[in-house]
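# Architecture and fold: a report
Chain by chain, the residues:
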Amino acid sequence: MVIKSKRMLIEKLTGVHSSKKSYYVALKKKIDELLQIKREWEVTFSAVTDLLVFINSDYEIQRVNQAAVDFFTMPEKEILSSKCYHLFYGRETKCSPCIGDQVLRSQKTAYLQSRTRYNRVLDIFAYPAFTEQKEPYGVTYYAKDVTQLMDSIKLVSMGEMSAGVAHELNSPLTAIVGNSQLLLRETSTDNPQHQLIKDIHSSGIRCQRIIKNLLTFSRQDEFTFEEVDLNEIVDSALSLAAYQIEKSNIDLIVKQNPHVPKLSGSANGIEQIIVNLLLNAKDAVEDKTRAAGDSQKGVITIETRVHPEGELAIVDISDNGCGIKQEHVPQIFNPFYTTKQNGKGTGLGLSVSLGIAQAHGGFIDLDTNIGMGSTFSLILPLHKKETDTEPTVKENN
Ligand SMILES: Nc1ncnc2c1ncn2[C@@H]1O[C@H](COP(=O)(O)OP(=O)(O)O)[C@@H](O)[C@H]1O
Ligand SMILES: [Mg+2]
């Protein structure tokens, strides 16, 4: 049958002759069916949790799903009036090369991984859309946010690389630290070379600390849990860090509560946390002194205590250094985040320390005021839960 008029089309669609009474009933039923199908497609479209964006051949956005609206944090109206290169990259001109052009030209699906707005990595699949005459007239983008995956792959490879470097550096450093210690014993303090050797020794120890953090970060370190005395660990951490603090002309105040009960933990791991926190405090005080001149004496206080409810042992490390801007606080525990100049910071201290604290069922608390100073509190449970297993990580030195 050749369809010559709108009426004939409706008759063909409904299958009912328009002269019959049931014509309007059937027409309404068809419209309801169509609306239902439209609603179902809309629900399907918005149920997809990855981004769906449909553009025409002029790169104008025709349709987006809810996930795309949420991702770009723009009202849908604004999205629908922009071009795809603006939406994805904030650009004012077309991308070169343009994946949309490629899809329209080749009429085949294309794939692209790229860093888009807000520093997010998207896996973008582009599919051509065809008219009934098989002419391409638009492109559907299906995009998945893989930023977290990419960042964790990056972290894993950085971890592997740092573990390799750390292992290589361990043996020469053992010789540097060991031999300088022997030389120190044989050189009297009035010998002009005593100070030089002492500096070699303490620089070697500093490198060993950096390597220890790298090994912990790449999970190549070993922590064996046993009954430990927090005050003794503080003493041994101070024996490693006090020299550097005092050399920087900073007062060190130590307040130890002798009644802190023993707890189950790794002496090495807890010592590593305390040394990291002490050296960060030293850097913060130096940072402030550099900025403000010598007007205020730098002070670092380390204190052990038991939480009033008796469930937790706490080590507070306070400084009157530069403090931390509130907007930086969420980042400081991220691996490789550092505000220190090249060669001064690795950005591993806090992330590694938090990891060790968590392995003990504890955490690290922070109270900071910009320009006034910070207090980092290492909080450890005194009684491990029954269900906790003793974490022991193999060392592959
Ligand atoms: N006591 C502190 N006072 C001020 N800023 C601090 C302090 N401790 C840590 N920070 C901030 O946190 C960042 C990350 O610390 P960390 O993970 O130990 O790495 P790094 O010391 O190598 O920079 C530091 O670069 C610094 O900006
Ligand atoms: Mg540090």
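For the structure, check the block above.
The next point concerns the sheet that holds strand β1 (residues 51-56). Strand order across the open sheet formed by five strands is β2-β1-β5-β4-β3, with antiparallel pairing between neighbours. Each edge of the sheet is formed by a strand with only one pairing partner; in this case those strands are β2 (61-64) and β3 (110-115). Each strand of the sheet is rotated relative to its neighbour by a mean of 25°, with strand direction disregarded. Bridge count for β3 against strand β4 (residues 121-130) is six bridges, and the pairing is antiparallel. Each bridged residue has a counterpart across the sheet, and for Ala-110 the counterpart in β4 is Ala-126.

Packing of helix α10 (residues 267-292) against helix α11 (residues 349-359) brings their axes to within 9 Å, and their N-to-C directions diverge by 145°. As α10 runs across α11, the sense of the crossing is left-handed. Each of Gly-269, Gln-272, Ile-273, Asn-276, Leu-277 and Asn-280 in α10 lies in contact with α11, whose residues at this interface are Gly-349, Leu-350, Ser-353, Ile-356 and Ala-357.

With that settled, consider helix α2 (residues 23-47). Over its 25 residues, α2 runs 36 Å from end to end, which matches the ideal 36 Å to within 8%, given 1.5 Å per residue. Little of α2 is tucked away, with zero of its 25 residues classed as buried.

What follows covers the site of ligand 1. Taken together, 22 residues are adjacent to ligand 1, and Ala-284, Thr-338, Gly-345, Gly-349 and Leu-350 come closest. Among the secondary structure elements, those contributing two or more residues to the shell around ligand 1 are α10 and α11. If you tally residues by element for the shell around ligand 1, the top one is α10, at four residues. When grouped by side-chain class, the residues that make up the shell around ligand 1 number eight nonpolar, 12 polar and two charged.

Our next topic: unusual backbone geometry. For the peptide bond that leads from Ser-96 to Pro-97, omega is 0°, which places it in the cis range. Inspection of the secondary structure puts Pro-97 in the loop between α5 (84-89) and α6 (99-106). Of note, Thr-73 is a non-glycine position whose phi angle comes to about 40°, a positive value. Counting through the fold element by element, Thr-73 comes out in the loop between α3 (66-72) and α4 (76-80). Residue class for Thr-73 comes out exposed when judged on the 8 C-beta atoms lying within 10 Å of it. Although it is not a glycine, Phe-336 sits at a positive phi angle of roughly 70°. With respect to the helices and strands, the residue Phe-336 is situated in the loop between β10 (312-319) and α11.

Looking now at the environment of Gln-148. As for its position among the elements, Gln-148 is in helix α7 (residues 147-186). A count of 10 C-beta atoms within 10 Å places Gln-148 in the exposed class. Taking the C-alpha atoms as reference points, Gln-148 and Arg-120, separated by 28 residues in sequence, lie 8.8 Å from one another.

The next thing to look at is the nonpolar core. Core analysis: the largest hydrophobic core is formed by 40 residues, its most contacted members being Ile-274, Leu-277, Leu-278 and Leu-378. No other element matches the nine residues that α10 contributes to this core. Split by domain, the residues of this core number at least three in each of domain 3 (152-220) and domain 4 (221-397). Excluding residues within four positions of it along the chain, Ile-274 makes contact with Ile-233, Val-234, Ala-237, Val-315 and Leu-378. Counting 18 residues, the second-largest nonpolar core is a separate cluster that includes Val-53, Ala-68, Phe-71 and Ala-126.

Contact pair α7 / helix α8 (residues 193-217): the axes reach a minimum separation of 8 Å and the direction vectors enclose 155°. The orientation of α7 with respect to α8, classified from their angle, is roughly antiparallel. Crossing of α7 over α8 shows left-handed handedness. A class-by-class count of the residues in the contact of α7 with α8 yields 16 nonpolar, eight polar and one charged.

What counts, and where the lines are drawn
Residues numbered from 1 in each chain as written. Chains lettered and ligands numbered in written order. Predicted model: local features only at pLDDT ≥ 70, side-chain atom pairs only at ≥ 80, totals over all residues. Pairing = 2+ DSSP bridges. Helix = DSSP H or I, 4+ residues; strand = E, 2+ residues; numbered from the N terminus. Axes fitted to C-alpha atoms, helices over the stretch in contact; angles between N-to-C directions. Left-handed = near helix turned anticlockwise from the far one by under 90°. Contact = placed C-beta atoms within 7 Å. Expected span 1.5 Å × (residues − 1). Buried ≥ 20, exposed ≤ 12 C-beta atoms within 10 Å, placed from the backbone. Near = placed C-beta within 6 Å. Nonpolar A, V, L, I, M, F, W, Y, C, P; charged D, E, K, R; others polar. Core = buried A, V, L, I, M, F, W, Y, C linked by C-beta atoms within 7 Å. Domains from an automatic or database assignment. Parallel < 35°, antiparallel > 145°, perpendicular 65-115°, else oblique.

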